[in-house]
Amino acid sequence: MKTELLYEGKAKKVYRTKDRQDQLVLAYKNDATAFNGEKKSSFDGKGRLNNEISSYIFHYLSEQNISSHFIEKLNETEQLVSETKIIPIEVVVRNLATGSITKRLGIEEKTPFSPPLVELFYKDDALGDPLINDEHALILSDATTEDLAGIKQMTLHINNVLQKLFLEINLTLVDFKLEFGRLKDGSIVLSDEISPDTCRLWDLDTQEKMDKDVFRQDLGDLLHVYKVILQRLEARS
Ligand code: UDP
């Protein structure tokens with residue numbers, strides 16, 4: 001199915017496919033990185049767990065009529081997606097304050113944001129993914145004002161849908177990061193992955209962190225919490 005390696009990122013490899021020009025294979029790696037790549041490790045089975053979790057979530061979103069690059073899960077670590085040109089903006093949604101915003105703006109941990117706060121970051125490792133505003137986004141990408149408005153609207157809708165999904169499995173969706181890409185026809189769809197690598201998820205009862213913060217902050221067994229998330233998702237369907 002897969003042929004030429006197009007790109008290798010921190011968490012995934014992207015391959016061309018043999019038959020279809022407009023489809024790619026995403027292969028999830030076992031690597032974990034944090035703090036802009038300064039902290040690195042590898043966990044056997046993490047690629048499988050993130051592929052399974054992200055595939056589950058993208059499939060669920062498609063059932064809710066949210067269009068994305070996701071086509072199907074191919075095997076334990078790989079999925080087939082539509083090729084998109086990634087818009088180099090990371091869209092972060094925050095329902096509760098934690099992480100970088102508490103340090104950047106001195107906002108107290110766990111302050112609720114209602115409506116949810118949407119922030120844009122420029123996707124550039126060399127610059128450390130800086131926070132940007134809409135005017136910067138217009139300069140740094142080919143997105144138009146209307147595209148940005150559409151991206152924010154989709155993002156808030158996805159937040160609503162995902163908050164409900166995670167609540168069903170006893171998790172609070174604290175914050176998460178989305179990426180969007182442009183299909184050949186110019187339309188913008190959700191892209192990349194949605195997994196505990198890209199979301200903060202707190203257990204509703206115990207407040208335990210069930211996401212990559214376990215790795216960032218050395219809180220315990222990363223694979224165990226990712227397994228629990230997948231088990232809870234699979235138990236609901
Ligand atoms: N996030 C991500 N990739 C990034 C930066 C952030 O997936 O390159 C996610 C992160 O997992 C969290 C949310 O976006 O769920 C907000 O992250 P924050 O800005 O608080 O960054 P951090 O505290 O990790 O520096």
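One can find the structure itself at the top, above this paragraph.
Residues numbered from 1 in each chain as written. Predicted model: local features only at pLDDT ≥ 70, side-chain atom pairs only at ≥ 80, totals over all residues. Heavy atoms only, no water.

### Some details on the nonpolar core
The biggest cluster of nonpolar side chains holds 49 residues, and the ones touching the most others in it are Ile57, Leu61, Ile158, Leu162 and Ile194. The biggest single contributor to this core is helix H6 (residues 222–236), with eight residues. Each residue touching Ile194, except ones within four places of it in the same chain, is listed here: Ile53, Ser54, Ile57, Phe58, Leu61, Leu162, Leu178 and Cys199. Membership of the second largest hydrophobic core comes to five residues, among which are Val14, Leu24, Leu26 and Tyr28. (Core = buried A, V, L, I, M, F, W, Y, C linked by side-chain atoms within 4.5 Å. Buried < 20%, exposed > 50% of the residue type's maximum accessible area, 1.4 Å probe, protein only. Helix = DSSP H or I, 4+ residues; strand = E, 2+ residues; numbered from the N terminus. Contact = heavy atoms within 4.5 Å.)

### Observations regarding the packing of helix H1 (residues 46–63) against H6
Direction vectors running N to C along H1 and H6 enclose 30 degrees, while the axes themselves pass 10 Å from each other. Judged by the inter-axis angle, H1 sits roughly parallel to H6. Relative to H6, H1 is oriented so that their crossing is left-handed. Residues Lys46, Arg48, Leu49, Asn50, Glu52, Ile53, Tyr56, Ile57 and Tyr60 of H1 lie in contact with H6, whose contacting residues are Leu222, Leu223, Tyr226, Lys227, Ile229, Leu230, Leu233, Glu234 and Arg236. For the contact of H1 with H6, the per-class residue count stands at eleven nonpolar, one polar and six charged. (Axes fitted to C-alpha atoms, helices over the stretch in contact; angles between N-to-C directions. Parallel < 35°, antiparallel > 145°, perpendicular 65-115°, else oblique. Left-handed = near helix turned anticlockwise from the far one by under 90°. Nonpolar A, V, L, I, M, F, W, Y, C, P; charged D, E, K, R; others polar.)

### Looking at the site of the ligand
Around the ligand sit 15 residues, and of these Arg94, Ser100, Asp175, Arg200 and Arg216 come closest. At a separation of 2.6 Å, an oxygen atom of the ligand approaches a polar side-chain atom of Ser100. For the ligand, an oxygen atom lies 3.0 Å from a polar atom in the side chain of Arg216. For the shell around the ligand, the elements supplying multiple residues, two or more each, are strand E9 (89–96), strand E12 (171–182) and strand E14 (199–203). (Near = heavy atom within 4 Å. Polar contact = N/O pair within 3.5 Å; in protein donor to acceptor, adjacent residues only side chain to side chain.)

### Side note on the environment of Lys29
With respect to the helices and strands, the residue Lys29 is situated in the loop between strand E3 (23–28) and strand E4 (31–34). Owing to a relative accessible area of 14%, Lys29 belongs among the buried residues under this scheme. Considering only alpha carbons, one finds Lys29 and Asn50, 21 residues apart in sequence, at a separation of 8.9 Å. Contacts of Lys29, omitting those with residues within four sequence positions, involve Glu8, Gly9, Lys10, Ala11, Lys12, Lys13, Lys46 and Gly47. Side chain to side chain, Lys29 and Glu8 meet in a polar contact 2.7 Å long. From its side chain, Lys29 meets the backbone oxygen of Gly9 in a polar contact 2.8 Å long.

### Looking at the packing of aromatic side chains
If you walk through the whole model with that rule in mind, you get two aromatic pairs. With centroids separated by 5.8 Å and ring planes inclined at 90 degrees, the aromatic side chains of Phe43 and Phe215 adopt a geometry described as edge-to-face. Of this pair, Phe43 sits in the loop between strand E5 (39–42) and H1 while Phe215 sits in helix H5 (residues 213–216), placing them 172 residues apart in sequence. Given the relative accessible area of 6%, Phe215 is considered buried. Between Phe58 and Phe70, the aromatic rings sit 6.2 Å apart at their centres with planes inclined by 40 degrees, giving tilted as the arrangement. Within this pair, whereas Phe58 is found in helix H1, its partner Phe70 is found in strand E6 (residues 70–73), the two being separated by twelve residues in sequence. Just as Phe58 is buried, Phe70 falls in that class too. One cation-aromatic arrangement involves Lys2 over Tyr15; the distance from NZ or CZ to the ring centre is 5.1 Å. Above the plane of the ring of Phe215 lies Lys39, whose end atom (NZ or CZ) is 5.0 Å from the centre. (Phe/Tyr/Trp six-rings, centres within 6.5 Å; stacked < 30°, edge-to-face > 60°. Lys NZ or Arg CZ within 6 Å of the ring centre and 35° of its normal.)

### Let's talk about the pairing of E3
Among the six residues of E3, six are classified as buried, and the element is accordingly described as predominantly covered. Because side chains alternate across E3, one face comprises the buried residues Gln23, Val25 and Ala27, and the other comprises Leu24, Leu26 and Tyr28, equally buried. Alignment of strand E2 (residues 12–17) against E3, held across five bridges, turns out to be antiparallel. Bridging across to E3, Val14 finds its partner in Leu26. Counting the residues in the hairpin turn of E2 and E3 gives five residues. (Pairing = 2+ DSSP bridges.)

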